[in-house]
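Analysis of the macromolecular model
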Amino acid sequence: MRILIVGTGYVGTTTGLVFCEMGHKVTGLDLDENKIKALQAGKLHFYEPGLEELLSKHVAAQHIEFTKKTKKAVKENDIIFICVGTPQGADGSADLTYVKNVAHSIGKYMNKYKIIITKSTVPVGTAELVTKWIKEGQEEQIPYDVVSNPEFLREGSALRDALNPDRIVIGSTSETARTIIREMYRDFHCPIVETNPNASEMIKYAANSFLAMKISFINELARLCDGLNININDVSKGIGLDTRIGPQFLRAGMGYGGSCFPKDVNALIQIAKENGQPLSILEHVVKVNEEQTVFFIEKIKQNLGDDLLNKKIAVLGLSFKANTDDTRESPTLNLINQLLAEQAQVMVHDPVVKIAGGPSLVQLQSVEETVVGADALVIGTDWDEYKNLDWVRIKQLMNQPNLFDGRNMLDKRKIENLGFYYSGIANH
Ligand code: UDX
Ligand code: UDX
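Residues numbered from 1 in each chain as written. Chains lettered and ligands numbered in written order. Predicted model: local features only at pLDDT ≥ 70, side-chain atom pairs only at ≥ 80, totals over all residues. Heavy atoms only, no water.

1. Points about the overall build of the chain
Check the secondary structure of the chain and you find 16 helices and 14 strands. For 428 residues, the compact-globule estimate of 2.2 N^0.38 gives 22 Å, and the C-alpha radius of gyration of the chain, at 23 Å, lies within 12% of that figure. Oriented by its inertia axes, the alpha-carbon framework of the chain measures out at about 75 × 50 × 40 Å. Looking at the chain alone, contacts between residues at least 24 apart form 71% of all its contacts between residues at least 6 apart. Entry remark: accessible area of the chain is about 19,200 Å², with carbon and sulfur atoms responsible for 51%. A distance of 3 Å separates the average location of the 47 positive side-chain charges in the chain from that of its 53 negative side-chain charges. (Helix = DSSP H or I, 4+ residues; strand = E, 2+ residues; numbered from the N terminus. Rg over C-alpha atoms; globule rule 2.2 N^0.38 Å. Contact = heavy atoms within 4.5 Å. Areas by Shrake-Rupley, 256 points an atom, 1.4 Å probe, with all protein chains shown as cover. Lys, Arg positive; Asp, Glu negative; His and termini not counted. Charge placed at Lys NZ, Arg CZ, Asp CG, Glu CD.)

Below you can see the structure in the form of structure tokens.
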């Protein structure tokens, strides 16, 4: 099949390459010329393990091409995925401006029957809006179907997730469209949930909100366990082995971030309010998440004292989680901003993210340079390479051996035996 992907970000690029793997011919369309040029040269404009190898393979084999030319791309492809961003608007709801623009262009350049599929996370009712927007763009009446087919991939393991989904959700009332989409996914061996577009859109929000809720649950419980000297990791393991609960998304830490959970939970809260049926449970999920960095900073202050003025704090990791260069809504950046607001001196390190520093914020090339003279070392992101550092050397380089583990990734006993003061999130 010939497939057009509109929006070549994390979601669009991964989706396109996975369809190439399944034997389809793909075109990636994006407004951003720099991204298109990079992709045409087989270079990814973001960091995602394993994806660049796949990109260069399929570019070389001409299974995928990239373009800025909307008219030609729409005319030549009959299956069109919308993968543009749906950022958070001022009131917490999703901003659909990009989706609307794309729908208008599809309508304008449509030359025969097409299936338009929303992959971007969009509010309930968006498929109906996209249907209307395409019609508005049309110069002559040509039939088409709009389908909701949400993506569940995680950054950092995008390829693995997209190649091995737990399920595929197809939201459509058109049997023609559903048959074609089932055929497109014929080589995926997982359950397919067929429903209407509104339910499909709700499934995506509900899945992300439920996972965010698991994280906030374990984080709030961790605050209680911290004071009671109970190891939260043991609690997560003990409850996670109950198959009704499941082991995943029960890692306590500094809270969830990224381009999806924060924005999607807020968008669902907004949808619930607009429909007179508030989801107060999710309002608490957000509140707990916001409080988590405050709780962590309090732990730092219990050791360093309330006044952080000119205290040197080294922070390892900047991305919202390991294996990505994405810093959108990163809890670590949030923590750094709070430390800077309290006039601490912050030195940072990240294996892939580069940030512009400032008078009190310096990025260094190596972990060793980052910790020189530090009064405290904070693990902000759980990159694997921070697990087995030369702690003896690090201790020598620091001013005071204080270690705060925002991701519970280190072995407390081992670190304490080396003479560090260690504090995690109920990591006893
Ligand atoms: C985004 C959203 O964050 C996510 O919720 C949604 O499910 C899918 O879209 P992501 O792929 O991470 O996910 O977004 P981003 O990396 O911002 O990529 C979007 C791409 O669309 C960008 O490359 C942008 O240049 C492009 N774009 C945007 C267009 O091609 N046309 C537009 O009109 C707007
Ligand atoms: C998420 C969803 O998992 C994916 O299905 C969806 O479609 C896109 O949004 P992503 O944001 O890439 O994926 O990463 P994810 O692995 O879900 O992590 C989100 C945040 O939660 C990160 O900040 C992560 O560090 C945090 N997290 C995750 C925890 O704090 N504890 C956990 O146990 C799991």
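2. Some words on the packing of aromatic side chains
Across all of its chains, the model carries nine aromatic pairs by this definition. Residues Phe 19 and Tyr 185 carry aromatic rings whose centres are separated by 5.5 Å and whose planes lie at 55 degrees to one another, so their mutual orientation is tilted. Taken together, the positions of Phe 19 in helix 1 (residues 10-21) and Tyr 185 in the loop between helix 8 (175-184) and strand 8 (192-195) put the pair 166 residues apart, joining distant regions of the chain. Pair check on accessibility: Phe 19 and Tyr 185 agree, each one buried. Here the aromatic residues Phe 19, Phe 81, Tyr 185 and Phe 188 are joined through ring pairs into a cluster of three or more. Above the ring of Phe 152, the side-chain terminus of Arg 167 is found at 3.5 Å from the ring centroid. The ring of Phe 152 is capped by Lys 204, whose NZ or CZ atom sits 5.8 Å from the centre of that ring. (Phe/Tyr/Trp six-rings, centres within 6.5 Å; stacked < 30°, edge-to-face > 60°. Buried < 20%, exposed > 50% of the residue type's maximum accessible area, 1.4 Å probe, protein only. Lys NZ or Arg CZ within 6 Å of the ring centre and 35° of its normal.)

3. Comments concerning the sheet that holds strand 11 (residues 361-363)
A sheet is described by the order of its strands in space; here six strands give the open sequence 11-10-9-12-13-14, paired in parallel fashion. Taken across any chain shown, the strands that pair with only one partner, and hence form the sheet edges, are strand 11 and strand 14 (421-423). Ignoring which end each strand starts from, the neighbouring axes of this sheet average 20 degrees apart. Across three bridges, the pairing between strand 12 (residues 376-379) and strand 13 (residues 402-405) is parallel. The partner of Ile 379 across the bridge, within strand 13, is Asp 405. (Pairing = 2+ DSSP bridges. Axes fitted to C-alpha atoms, helices over the stretch in contact; angles between N-to-C directions.)

4. Considerations on the packing of helix 9 (residues 197-228) against helix 10 (residues 232-240)
Close contact between helix 9 and helix 10 brings their axes to 10 Å; oriented N to C, the two are set at 135 degrees. The pairing of helix 9 with helix 10 is recorded here as oblique in orientation. Two packed elements cross with a definite hand, and for helix 9 against helix 10 that hand is right-handed. Between helix 9, through Phe 217, Ile 218, Leu 221, Ala 222 and Cys 225, and helix 10, the contact on the second element is made entirely by Ile 232, Val 235, Ser 236 and Ile 239. Residues that form the contact of helix 9 with helix 10 fall into these classes: eight nonpolar, one polar and no charged. (Parallel < 35°, antiparallel > 145°, perpendicular 65-115°, else oblique. Left-handed = near helix turned anticlockwise from the far one by under 90°. Nonpolar A, V, L, I, M, F, W, Y, C, P; charged D, E, K, R; others polar.)

5. As for empty space enclosed by the protein
Tallied over the full model, the rule gives one cavity of 30 Å³ or more. Of the volumes computed, that of the largest cavity is approximately 40 Å³. Together, Thr 118, Ser 120, Thr 121, Val 122, Ser 148, Pro 150, Ser 200, Glu 201 and Lys 204 line the largest cavity. Considering each element in turn, the lining of the largest cavity owes the most residues, three residues, to helix 9. A class-by-class count of the residues in the lining of the largest cavity yields two nonpolar, five polar and two charged. (1 Å grid on protein atoms, 1.4 Å probe; cavity = no way out; pocket = protein on both sides within 12 Å on 5 of 7 lines; lining within 4 Å. Points joined across faces, edges and corners; volume = space filled by probe spheres on them.)

6. Examining the packing of helix 1 against helix 3 (residues 51-60)
Helix 3 packs onto helix 1 with a crossing angle of 55 degrees between their chain directions and a minimal axis gap of 10 Å. As judged from the angle between their axes, helix 1 and helix 3 are oblique. In the packing of helix 1 onto helix 3, the handedness of the crossing is left-handed. Contact residues: Thr 13, Thr 14, Leu 17, Cys 20 and Glu 21 in helix 1; Leu 51, Leu 54, Leu 55, Lys 57 and His 58 in helix 3. Partitioning the contact of helix 1 with helix 3 into residue classes produces five nonpolar, three polar and two charged.

7. Observations regarding the site of ligand 2
Ligand 2 sits among 18 residues. The nearest are Phe 152, Glu 155, Arg 251, Lys 321 and Arg 407. Contact between ligand 2 and Lys 204: an oxygen atom at 3.2 Å from a side-chain N or O atom of the residue. Measuring from an oxygen atom of ligand 2, one finds a backbone N or O atom of Arg 251 at 2.8 Å. Alone, ligand 2 offers 670 Å² of accessible surface; in the complex the protein occludes 94% of this. (Near = heavy atom within 4 Å. Polar contact = N/O pair within 3.5 Å; in protein donor to acceptor, adjacent residues only side chain to side chain.)

8. So, the side chain of Asn 77
Its place among the elements puts Asn 77 in the loop between helix 4 (70-76) and strand 4 (79-82). A residue is classified by how much of its surface remains accessible, and Asn 77, at 0% relative accessible area, is buried.

9. Description of unusual backbone geometry
Its identity is not glycine, yet Asn 310 carries a phi of approximately 60 degrees, on the positive side. When you line up the elements, Asn 310 lands in the loop between helix 12 (280-304) and strand 9 (312-316). For Asn 323, which is not glycine, the phi torsion reads 65 degrees and is therefore positive. Along the chain, Asn 323 turns up in the loop between strand 9 and helix 13 (331-341).

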